[in-house]
There are 2 protein chains.
Amino acid sequence: MRIGELAQKSGVSRDTIRFYERNGLITSTDEDSETNSYRNYKDDCLVWLQFFTGAREAGMSVADLRSIVEATAESCDRDLARAVVQRKIEELKERADQIGKVIQFLENALSGSK
Amino acid sequence: MRIGELAQKSGVSRDTIRFYERNGLITSTDEDSETNSYRNYKDDCLVWLQFFTGAREAGMSVADLRSIVEATAESCDRDLARAVVQRKIEELKERADQIGKVIQFLENALSGSK
DNA sequence: AAAAACAATAGACCTTTGTCCACGGTTTGA
DNA sequence: TCAAACCGTGGACAAAGGTCTATTGTTTTT
């Protein structure tokens, strides 16, 4: 599929898709190298983009995402991928904990101000 | 206390404290307006700064923090403050949920790649 | 075939969140 | 008293994450 379709389906703007691509988060092929230079995306790009959107909301950086994408590439060591992803999971859990603490603080503030 | 002491106690740099102050997160008084223009901070600034640090780690923006600070100011309506803080708590919970989803996705990816 | 819609690239621009620096005053300890 | 340590201001700089525009080329639609 072309970028417009992918953008529409994923809810991620064309510019952002190209930005992600420049940053190694997704890849495309040239759909027809003789006539145009349009990017062509496989269906799994859509899944990735949806993941990226959620992950960004969860506070992961583009660099984080790239390291996951890279580690899980076909060519890569399965154990390495596992380690990288495991590490990111740990970081996410820490962040979730931190959020919990902040919620606590705010709830205390609320009840303390009664 | 002066900015250096506050910085040292809070672990927040002087520059960042001034930055926060410019952005309405904390306030100071002029310790001795005749001789110098040094800022003077009350003890509760330390508590705020510690909260800010945790909240930033949790993904809250400086603007978020400012709205909390403003709403909870003495002069403000108690109910308004409650509403603002409640809203921020909701947002934090949403973020925590989002993190949970991302963790799920990553764990699936891990077990799916076996 | 002509217009409308879509795509590519390069580069400018924007916001957020700080950090660093230079320059000039103020305090403080030896 | 004199240097070291501290403080203030203003402004430059930076990195991240996009967004927008201009220009040009390709498809599609009518």
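Described below are features of the structure shown in this document.

**Some words on the protein's contact with DNA strand D**
Thought 1: Around DNA strand D, the structure places 20 residues, and the nearest of them are Thr16, Thr35 and Asn36 of chain A together with Arg14 and Arg39 of chain B.
Thought 2: Between DNA strand D and tyrosine 38 of chain B there is a distance of 3.3 Å, counted from a base oxygen to a side-chain nitrogen or oxygen.
Thought 3: At 2.6 Å from a phosphate oxygen of DNA strand D is found a side-chain nitrogen or oxygen belonging to arginine 39 of chain B.
Thought 4: Broken down by secondary-structure element, the contributors of at least two residues to the surface near DNA strand D are α2 (14–22) of chain A together with α1 (3–10) and α2 (14–22) of chain B.

**Points about the relation of the copies chain A and chain B**
Thought 1: When chain A is fitted to chain B, the residual RMSD is 0.2 Å, and the transformation amounts to a turn of 179 degrees plus an axial shift of 0.0 Å. Taken together, these values place the two copies in the relation of a two-fold axis. Using C-alpha coordinates, one finds that chain A approaches the rotation axis most closely at alanine 96 of chain A, a distance of 2.8 Å.
Thought 2: A symmetric contact is evident, with 97% of the interface residues of chain A recurring at the interface of chain B.

**Details of the packing of aromatic side chains**
The description of an aromatic ring pair uses the distance of the two centres, along with the angle that the planes make with each other.
Residues and elements named next belong to chain A.
Thought 1: One pass over the structure, following the stated rule, counts 12 aromatic pairs over all chains.
Thought 2: Taking the centre distance of 6.0 Å and the plane angle of 45 degrees together, the rings of phenylalanine 19 and tyrosine 20 count as tilted.
Thought 3: A relative accessible area of 35% means that phenylalanine 19 is categorised as partly exposed.
Thought 4: Note on tyrosine 20: relative accessible area 9%, which makes it buried.

**What about the interface of chain A and chain B?**
Thought 1: Contact with chain A, which involves 29 residues of that partner, is made by 28 residues of chain B.
Thought 2: Here chain A packs against chain B, burying approximately 2,600 Å² in sum over the two surfaces, 76% of which is carbon and sulfur.
Thought 3: Summed over the three residues of chain A that lose the most area to chain B, namely Ile99, Leu106 and Leu110 of chain A, the buried surface amounts to 22% of that side.
Thought 4: Scanning the region where chain A abuts chain B turns up 1 salt bridge.
Thought 5: Of the charged contacts, one joins glutamate 107 of chain A and lysine 93 of chain B as a salt bridge, the two residues approaching to 3.9 Å between their closest N and O atoms.
Thought 6: Breaking the side of chain A that touches chain B down by element, the ones donating at least two residues are α3 (44–57) and α5 (78–112) of chain A.
Thought 7: If one sorts the elements of the side of chain A that touches chain B by residue count, α5 of chain A sits on top with 18 residues.

**Some thoughts on the environment of serine 61 of chain B**
Thought 1: Within the secondary structure layout, serine 61 of chain B lies in the loop between α3 (44–57) and α4 (62–71).
Thought 2: A polar atom in the side chain of serine 61 of chain B sits 3.0 Å from the backbone nitrogen of aspartate 64 of chain B.

**Section: the protein's contact with DNA strand C**
Thought 1: As a matter of local geometry, DNA strand C sits amid 20 residues, with Arg14 and Arg39 of chain A together with Thr16, Asn36 and Arg56 of chain B nearest to it.
Thought 2: Of all atoms in DNA strand C that approach within 4 Å of the protein, 79% are sugar or phosphate atoms.
Thought 3: Backbone polar atom of glycine 4 of chain A to a phosphate oxygen of DNA strand C: 2.8 Å apart, as the coordinates give it.
Thought 4: Looking at the surface near DNA strand C, the elements that each hand over two or more residues are α1 (3–10) and α2 of chain A together with α2 of chain B.
Thought 5: By residue class, the composition of the surface near DNA strand C is 6 nonpolar, 7 polar and 7 charged.

Rules of the game
Residue numbering note: each chain is counted from 1, following its sequence as written. The lettering of chains begins at A and the numbering of ligands begins at 1, in the order of writing. Reporting of local features is limited, given that this is a predicted model, to residues whose pLDDT is at least 70; pairs of side-chain atoms are given and counted only at 80 or more, and all residues count toward the totals for whole chains, interfaces and linings. The basis for the side-chain values is all heavy atoms of the structure; hydrogens and waters are excluded. If even one non-hydrogen atom of a residue comes within 4 Å of a molecule or strand, that residue is called near it. Polar contact is defined as a pair of N or O atoms within 3.5 Å, subject to the rule that within protein one atom must be able to donate a hydrogen and the other to accept it, and that residues adjacent in sequence are counted only when both atoms are side-chain atoms. A run of DSSP states H or I qualifies as a helix once it reaches four residues; a run of E qualifies as a strand once it reaches two. Both are numbered from the N-terminal end. The copies are overlaid by a least-squares fit using only the C-alpha atoms of residues whose pLDDT is at least 70 in both copies. Contacts between residues were defined by any pair of non-hydrogen atoms, one from each residue, lying within 4.5 Å. When two rings of Phe, Tyr or Trp (its six-membered ring) have centres within 6.5 Å they constitute a pair, described as stacked for plane angles under 30 degrees, edge-to-face for angles over 60, and tilted for the intermediate range. Exposure classes here rest on a 1.4 Å probe applied to the protein chains alone. A residue is buried below 20% of its type maximum, exposed above 50%, and partly exposed in between. Two parts lose some accessible area (1.4 Å probe) when they are put together, and adding that loss for both gives the buried area. Within this document, salt bridges are pairs made up of a side-chain nitrogen of Lys or Arg and a carboxyl oxygen of Asp or Glu, the two lying within 4 Å of each other. Under the grouping applied here, Gly and all other residues not named as nonpolar or charged are polar, the nonpolar ones being Ala, Val, Leu, Ile, Met, Phe, Trp, Tyr, Cys and Pro and the charged ones Asp, Glu, Lys and Arg.

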